[in-house]
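# Fold and contact review
The residues making up each chain are set out below.
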Amino acid sequence: MIKSILVVNNQGKARLARFYYEVPVDKQKHILNSLFRIVSRRSDDTCCCFAQDDSLFGPDHKIIYRHFATLYFIFVADSAESELGVLDLIQVFVQVLDSCFENVCELDLIYHFDRVNYILDEIVMAGMVLETNADLVVQAIKETKKLETEGSSMIPGFG
């Protein structure tokens, strides 16, 4: 099961933080800072995108991350999840964001946080992976957008 998903910029500022278990806000900040410290110290040339910190989550959890441009995509999963599967999931998430925002950047995550959260909900919900096919996720998002535009054109004064 996925325990948390974080998207953090190069300065350590969270652009998306999702915890799939009960965590107090002060502990969330501590986890965010610790995870950023762990992944930012590693070189981008390092072929391994896996880390571990038993003090944060315990021995049966793993940290899987990717660094794209100015953003770190960090997933924390328990031992039931495959590291390579989660790494592929990060790639799917980034690929869907790229197709929805046409070359996604940090500002897209800030100004369109609602769409970013919806995209993430199409891929992962309650810590369980729902979909790993980027094309199906993009198709579902396009269908939803179409329904939204059809709905707003039916309301007098809109569209």
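Residues numbered from 1 in each chain as written. Predicted model: local features only at pLDDT ≥ 70, side-chain atom pairs only at ≥ 80, totals over all residues. Heavy atoms only, no water.

Attention now moves to helix α3 (residues 83–101). The terminal C-alpha atoms of α3, which comprises 19 residues, lie 27 Å apart, in line with the 27 Å expected from a rise of 1.5 Å per residue. Inspection of α3 places Val86, Leu87, Leu89, Ile90, Val92, Phe93, Val94, Val96, Leu97, Cys100 and Phe101 among the buried residues, and these make up the whole buried set. The N-cap residue of α3 is serine 82: its side-chain oxygen and the backbone nitrogen of leucine 84 are 3.4 Å apart. A positive phi of about 50 degrees marks glutamate 102, the residue just after α3. (Helix = DSSP H or I, 4+ residues; strand = E, 2+ residues; numbered from the N terminus. Expected span 1.5 Å × (residues − 1). Buried < 20%, exposed > 50% of the residue type's maximum accessible area, 1.4 Å probe, protein only. Polar contact = N/O pair within 3.5 Å; in protein donor to acceptor, adjacent residues only side chain to side chain.)

Here the focus is the confidence of the model for the chain. Taken residue by residue, the chain gives an average pLDDT of 89. The fraction at 70 or more is 94%. Per-element mean pLDDT across the chain ranges from 80 in helix α2 (residues 54–57) up to 96 in strand β1 (residues 2–9). (pLDDT = per-residue confidence, 0-100.)

Our focus in this paragraph is the side chain of lysine 3. Position of lysine 3 among the secondary structure elements: in strand β1. One buried charged side chain, lysine 3, makes no salt bridge at all; its nearest oppositely charged neighbour is aspartate 78, positioned 4.4 Å away. Other than its neighbours up to four places away in sequence, lysine 3 contacts Arg18, Phe19, Tyr20, Tyr21, His61, Val76, Ala77 and Asp78. (Lys, Arg positive; Asp, Glu negative; His and termini not counted. Salt bridge = Lys/Arg side-chain N within 4 Å of Asp/Glu carboxyl O. Contact = heavy atoms within 4.5 Å.)

On the surface, Leu107, Ile110 and Tyr111 cluster together into a nonpolar patch covering about 320 Å² of accessible area. Among the secondary structure elements, tyrosine 111 is positioned in helix α4 (residues 106–111). A relative accessible area of 62% places tyrosine 111 in the exposed class. (Patch = residues over 30% accessible without salt bridge, like charges linked within 9 Å, V, L, I, M, F, W, Y side chains within 5 Å. Areas by Shrake-Rupley, 256 points an atom, 1.4 Å probe, with all protein chains shown as cover.)

The next thing to look at is unusual backbone geometry. The phi angle at glutamate 102 is positive, at roughly 50 degrees, despite the residue not being glycine. Secondary-structure assignment places glutamate 102 in the loop between α3 and α4. A relative accessible area of 69% means that glutamate 102 is categorised as exposed.

Burial of β1 is extensive: 8 of the 8 residues sit out of reach of the surface. Sheet topology note: the β1/strand β5 (residues 71–78) ladder contains 7 bridges and is antiparallel. Across the sheet, residue asparagine 9 finds its bridge partner in β5, namely leucine 71. In this structure, β1 lies alongside strand β2 (residues 14–19), joined through 5 bridges in antiparallel fashion. The residue of β2 that forms the bridge with leucine 6 is alanine 17. The hairpin formed by β1 and β2 contains 4 residues between the paired strands, and glycine 12 there has a positive phi angle of roughly 90 degrees. (Pairing = 2+ DSSP bridges.)

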